[in-house]
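Coordinates in review
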Amino acid sequence: MSGATVLGSLPGRDFPAAARLMLSDVPDLPCLPELPARGPWAGMIGRAAALLAGLDAEFAAGQWRLAAHPGVDLRRARATLRDDLDILEEAADGYSGPLKVQVTGPWTLAASVFLPLGGRLLADRGARRDLAQSLAAGVADHVAEVARRVPGAVVRLQVDEPSLPAVLAGTVPTEGGYFRHRAVEASEAAERLAEFAALTPDALVHCCAPDVPVGLLTRTGRDGAGFAGLSLDAALVGRLDPIAEAVERGVDLYWGVTSGPEASDAIVSRTLAHLRPLELGETLADRLWLTPACGLAGLSVPEVPRVLASLRTAAADVQDALRS
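Since this is a predicted model, take the numbers as computed values, not measurements.

**Brief notes about the overall build of the protein chain**
Looking only at helices and strands, one finds 12 helices and nine strands in the protein chain. The C-alpha atoms of the protein chain give a radius of gyration of 19 Å, which matches the 20 Å a tight globule of 324 residues would have. Along the longest, intermediate and shortest principal axes, the C-alpha atoms of the protein chain span 60 × 45 × 35 Å. In the protein chain, once contacts between residues fewer than 6 apart in sequence are set aside, the share between residues at least 24 apart is 72%. Roughly 13,300 Å² of accessible area belongs to the protein chain as shown, and the carbon and sulfur atoms make up 50% of that amount. A distance of 4 Å separates the average location of the 30 positive side-chain charges in the protein chain from that of its 40 negative side-chain charges.

Pasting the structure below:
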């Protein structure tokens, strides 16, 4: 299966309108949208914190940190997520097909959340293991809840890991900014991520950063995490050989090709210039999804339908060109 989709975040604060837009304008793979403009409890870190099972957090001085009791922003994050699911259930009444949900991955979360007494959670091996297990349990419950509320949906999980390359390279700064956290071993990173890759069929991982470890994330690495899909920012991709190998082995490619409104012809030309050298033809056409390069939260609300329309048209044209 292939087509066009989005990565999750949208501008504005009107969630009912955003949910309707996803179902009407992203027919190939709509998603549960995220509206970070509503506040820190609705951003990617706050929403992931709301899903933690058996762990609580609070938002203070611009930082999320673990806490003995849920802070007011965590309680608001959990309430907002419940409200969003109520709205999605109503908007998607009668819907049948794939439906994507997004979550911040365990490594980006560990690099963003602080311990109660200070310092990034990333520095503590035991704490980051507990965080990953808590998040995986919470996401499993979340996926089951979405499936219950939208019984015609086949839920697909997207794990957002923009910080993973920095975690692996040992370039995440310490709290004071003068030092860097020790690099995490690839085997540990893959082990934690594998718990998420197994949660839904066709689960994908999104990483809008350079030096994405394709083999570690997908089924192609000997000890890879096993994600069935790989979502990348095309402008940041270096070597194409690992991507071609992944596609040949059955991995779906979610190709981030635009950051704002533009003509579909421009998207098609740029996409074909990147991907035609792979010479994968129909194999790629059957596994290629066109997406924005990153979330759309930075756009204005009226710009979003224009982006979606261009992506839909471009996706169809690119598939035809790859098959010809």
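After that view, the rundown keeps rolling.
**Let's talk about the pattern of salt bridges**
Where charged atoms of side chains with opposite charge meet at close range, the side chains can pair. The tally for this structure, following the rule as stated, stands at 17 salt bridges. The salt bridge partner of Arg-125 is Glu-188, with a shortest N-O separation of 3.2 Å. Here the residue Arg-125 occupies a position in helix 5 (residues 125–149), and Glu-188 occupies one in helix 7 (residues 186–197), the gap between them amounting to 63 residues. In this structure Arg-125 comes out as exposed when scored by relative accessible area, which is 54%.

**A look at the sheet that holds strand 8 (residues 252–258)**
Strand order in the open sheet formed by seven strands is 1-9-8-7-6-5-4, and the pairing between neighbours is parallel. At either margin of the open sheet sits one strand with a lone partner, and together these are strand 1 (3–4) and strand 4 (97–104). In terms of strand pairing, strand 5 (residues 153–160) meets strand 6 (residues 204–207) through three bridges, oriented parallel. Within strand 6, the residue paired with Asp-160 across the bridge is His-206. Together, strand 4 and strand 5 form the strand contacts of helix 2 (residues 44–51), whose direction differs from that of strand 4 by roughly 100 degrees. This element, helix 10 (residues 264–275), spans strand 8 and strand 9 (288–292) of the sheet and lies at about 130 degrees to strand 8.

**Overview of the packing of aromatic side chains**
Across all of its chains, the model carries two aromatic pairs by this definition. Geometrically, the ring pair formed by Tyr-254 and Trp-289 is stacked, given 5.7 Å between the ring centres and 5 degrees between the ring planes. One end of the pair, Tyr-254, is in strand 8; the other, Trp-289, is in strand 9, with 35 residues separating them in the sequence. With respect to class, Tyr-254 is no different from Trp-289; both count as buried. Seen from the ring of Trp-41, Arg-76 lies directly overhead, with NZ or CZ sitting 3.8 Å from the centre.

**With respect to the side chain of Glu-34**
Within the element layout of this structure, Glu-34 appears in the loop between helix 1 (15–25) and helix 2. For Glu-34, which is buried and forms no salt bridge, the nearest opposite charge comes from Arg-47, at a distance of 5.5 Å. Sequence-distant contacts of Glu-34, defined by excluding residues within four places in its chain, comprise Gly-8, Ser-9, Leu-10, Arg-47 and Gln-102.

**With respect to the pairing of strand 5**
For strand 5, a buried count of seven out of eight residues is recorded, marking the element as mostly surrounded by other parts of the structure. Taken together, the eight bridges between strand 4 and strand 5 define a ladder with parallel strand orientation. Following the sheet pairing, Val-103 is matched in strand 5 by Val-159.

**So, helix 10**
Helical geometry: 3.6 residues make up each α-helical turn, so side chains three or four residues apart lie on a common side. The terminal C-alpha atoms of helix 10, which comprises 12 residues, lie 16 Å apart, in line with the 16 Å expected from a rise of 1.5 Å per residue. Buried within helix 10 we find Ser-264, Ile-267, Val-268, Thr-271, Leu-272 and Leu-275. Projected down its long axis, helix 10 shows its buried positions confined to an angular sector of 120 degrees, all on one face. Facing away from the buried side of helix 10, by more than 90 degrees, are the exposed residues Asp-265, Ser-269 and Ala-273. Elements in contact with the buried residues of helix 10: strand 8, helix 11 (281–285), strand 9 and helix 12 (303–323).

What counts and how
Residues numbered from 1 in each chain as written. Predicted model: local features only at pLDDT ≥ 70, side-chain atom pairs only at ≥ 80, totals over all residues. Heavy atoms only, no water. Helix = DSSP H or I, 4+ residues; strand = E, 2+ residues; numbered from the N terminus. Rg over C-alpha atoms; globule rule 2.2 N^0.38 Å. Contact = heavy atoms within 4.5 Å. Areas by Shrake-Rupley, 256 points an atom, 1.4 Å probe, with all protein chains shown as cover. Lys, Arg positive; Asp, Glu negative; His and termini not counted. Charge placed at Lys NZ, Arg CZ, Asp CG, Glu CD. Salt bridge = Lys/Arg side-chain N within 4 Å of Asp/Glu carboxyl O. Buried < 20%, exposed > 50% of the residue type's maximum accessible area, 1.4 Å probe, protein only. Pairing = 2+ DSSP bridges. Axes fitted to C-alpha atoms, helices over the stretch in contact; angles between N-to-C directions. Phe/Tyr/Trp six-rings, centres within 6.5 Å; stacked < 30°, edge-to-face > 60°. Lys NZ or Arg CZ within 6 Å of the ring centre and 35° of its normal. Expected span 1.5 Å × (residues − 1). Arc of directions from axis to C-beta.

Any functional reading would require information beyond the geometric quantities listed.
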